Amino acid sequence: MPTPFFSIVMPTWNRVASLDRALTSVLAQREPSWELLIADDGSSDGTWASLCDWKRHDPRLRCWRHANRGPAASRNALLGHARGEWITFLDSDDELRPDHLALRRAAIAAQPGTDLWLSPMHIVGNPFVPSCLHPGEMIHVDRCIGVGMLTVRRETILRAGGFPEIRYAEDAALMTQLRIMGTRTAWLTHRSYVYHRDHADSITARQAQRTRATLPYAMAEAAVD
């Protein structure tokens with residue numbers, strides 16, 4: 001297989017009900033140069049069997065499974081398999097609009113010195129999440145850094161050490177490290193990542209329920225300017 005331009009990193013855990021939506025959105029991308037790396041994080045609901053069916057139809061889907069580690073550790077494991085120059089992310093209960101990768105490729109071509117692209121997300125459902133800096137406070141997702149916002153050069157995220165393996169807001173923690181490194185960053189305005197918060201078992205909601213104390217990390221909550 002030719003080396004893809006993008007590696008899409010997707011952990012999943014017991015997501016057989018939403019997996020088809022996420023995978024269909026990747027296969028519908030107008031930009032064809034991608035691979036989708038999926039880690040089944042110890043599912044027990046038929047997720048792995050569904051993935052095996054999907055990957056038979058498109059060799060760009062590459063799948064692994066392991067005992068439950070959490071999304072941060074699963075993403076880090078997948079980063080070790082990534083072949084694309086650029087890394088972007090998809091949670092298995094979310095989806096991408098068809099122009100998601102094409103918009104990023106055009107931006108990268110126009111501004112090749114940038115190492116990290118950020119973009120706001122289209123939110124379906126409750127747009128408020130627990131603050132990682134102020135326990136008990138709820139803030140709008142647009143004031144946060146979420147994994148769906150990030151498209152980063154592979155060598156840059158590897159140099160940052162990947163995601164801190166913490167229970168909540170690991171994406172904000174990674175962003176803090178990238179800022180410390182002085183990563184060259186730019187913004188896109190398109191909301192081409194669809195962030196589903198319209199079900200109680202969303203990844204963010206599940207992590208937030210387990211995390212109510214101040215986290216042991218200097219994290220960032222960033223407004224979308």
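All values reported here derive from a predicted model rather than from experimental measurement.

In the predicted model, the protein chain carries a mean pLDDT of 89, and 88% of its residues have values of at least 70. Note that residues 203-225 has pLDDT below 50 and, in this model, 62 contacts with residues that lie over four places away or in other chains.

With that settled, consider the environment of leucine 188. As for its position among the elements, leucine 188 is in the loop between strand 11 (185-187) and strand 12 (193-197). Along the sequence, leucine 188 and alanine 107 sit 81 residues apart, while their C-alpha atoms lie 8.1 Å from each other.

Right, let's talk about the side chain of aspartate 40 for a bit. Along the chain, aspartate 40 falls in strand 2 (residues 34-41). Of the side chains with opposite charge, arginine 65 comes closest to the buried, unpaired aspartate 40, at an N-O distance of 5.5 Å. Side-chain polar atoms of aspartate 40 contact the side chain of serine 43, separated by 2.6 Å.

This part is about the sheet that holds strand 7 (residues 122-125). Strand order in this open sheet of 3 strands is 5-12-7, and the pairing throughout is mixed. The outermost strands of the open sheet, each flanked by one partner alone, are strand 5 (95-96) and strand 7. When strand 7 meets strand 12, the two strands line up parallel, connected through 4 bridges. Residue pairing for strand 12: isoleucine 123 is matched across the bridge by tyrosine 195.

Below, the discussion takes up the pairing of strand 1 (residues 6-12). On a regular strand, one side chain projects to one face of the sheet and the next to the other, so that they alternate. In terms of burial, strand 1 is a largely internal element, 7 of the 7 residues being buried. Going residue by residue along strand 1, you find Phe6, Ile8, Met10 and Thr12 tucked away on one face and Ser7, Val9 and Pro11 tucked away on the opposite face as well. As defined by bridge partners, strand 1 adjoins strand 2 across 7 bridges and the pair is classed as parallel. Bridging across to strand 2, phenylalanine 6 finds its partner in tryptophan 34. Bridge analysis of strand 1 against strand 4 (residues 86-89) gives 4 bridges, and the strand direction is parallel. What sits directly across from valine 9, in strand 4, is phenylalanine 89.

What follows concerns the packing of helix 1 (residues 16-27) against helix 2 (residues 47-55). Relative orientation and spacing of two packed helices are given, respectively, by the angle between their axes and the distance between those axes. Where helix 1 meets helix 2, the axes come as close as 10 Å, and the angle between the chain directions of the two elements is 25°. Between helix 1 and helix 2, the interaxial angle falls into the category roughly parallel. Here the hand of the crossing between helix 1 and helix 2 comes out right-handed. Contact residues: helix 1 offers Val16, Leu19, Asp20, Leu23, Thr24 and Leu27, while helix 2 offers Thr47, Ser50, Leu51 and Trp54. Among the residues making up the contact of helix 1 with helix 2, the classes are represented as 6 nonpolar, 3 polar and 1 charged.

So, about the pattern of salt bridges. Tallied over the entire structure, the rule returns 12 salt bridges. Residue aspartate 93 pairs with arginine 15 through a salt bridge whose shortest N-O separation is 3.7 Å. Pair noted here: aspartate 93 is in the loop between strand 4 and strand 5 and arginine 15 is in the loop between strand 1 and helix 1, with a separation of 78 residues, a long-range link. The residue arginine 62 makes a salt bridge to glutamate 35 at a minimum N-O spacing of 2.9 Å. Taken together, the residues span a long stretch of sequence, with arginine 62 in strand 3 (residues 61-66) and glutamate 35 in strand 2 at a distance of 27 residues. In this structure glutamate 35 comes out as buried when scored by relative accessible area, which is 0%.

What counts as what
Residues numbered from 1 in each chain as written. Predicted model: local features only at pLDDT ≥ 70, side-chain atom pairs only at ≥ 80, totals over all residues. Heavy atoms only, no water. pLDDT = per-residue confidence, 0-100. Contact = heavy atoms within 4.5 Å. Helix = DSSP H or I, 4+ residues; strand = E, 2+ residues; numbered from the N terminus. Buried < 20%, exposed > 50% of the residue type's maximum accessible area, 1.4 Å probe, protein only. Lys, Arg positive; Asp, Glu negative; His and termini not counted. Salt bridge = Lys/Arg side-chain N within 4 Å of Asp/Glu carboxyl O. Polar contact = N/O pair within 3.5 Å; in protein donor to acceptor, adjacent residues only side chain to side chain. Pairing = 2+ DSSP bridges. Axes fitted to C-alpha atoms, helices over the stretch in contact; angles between N-to-C directions. Parallel < 35°, antiparallel > 145°, perpendicular 65-115°, else oblique. Left-handed = near helix turned anticlockwise from the far one by under 90°. Nonpolar A, V, L, I, M, F, W, Y, C, P; charged D, E, K, R; others polar.

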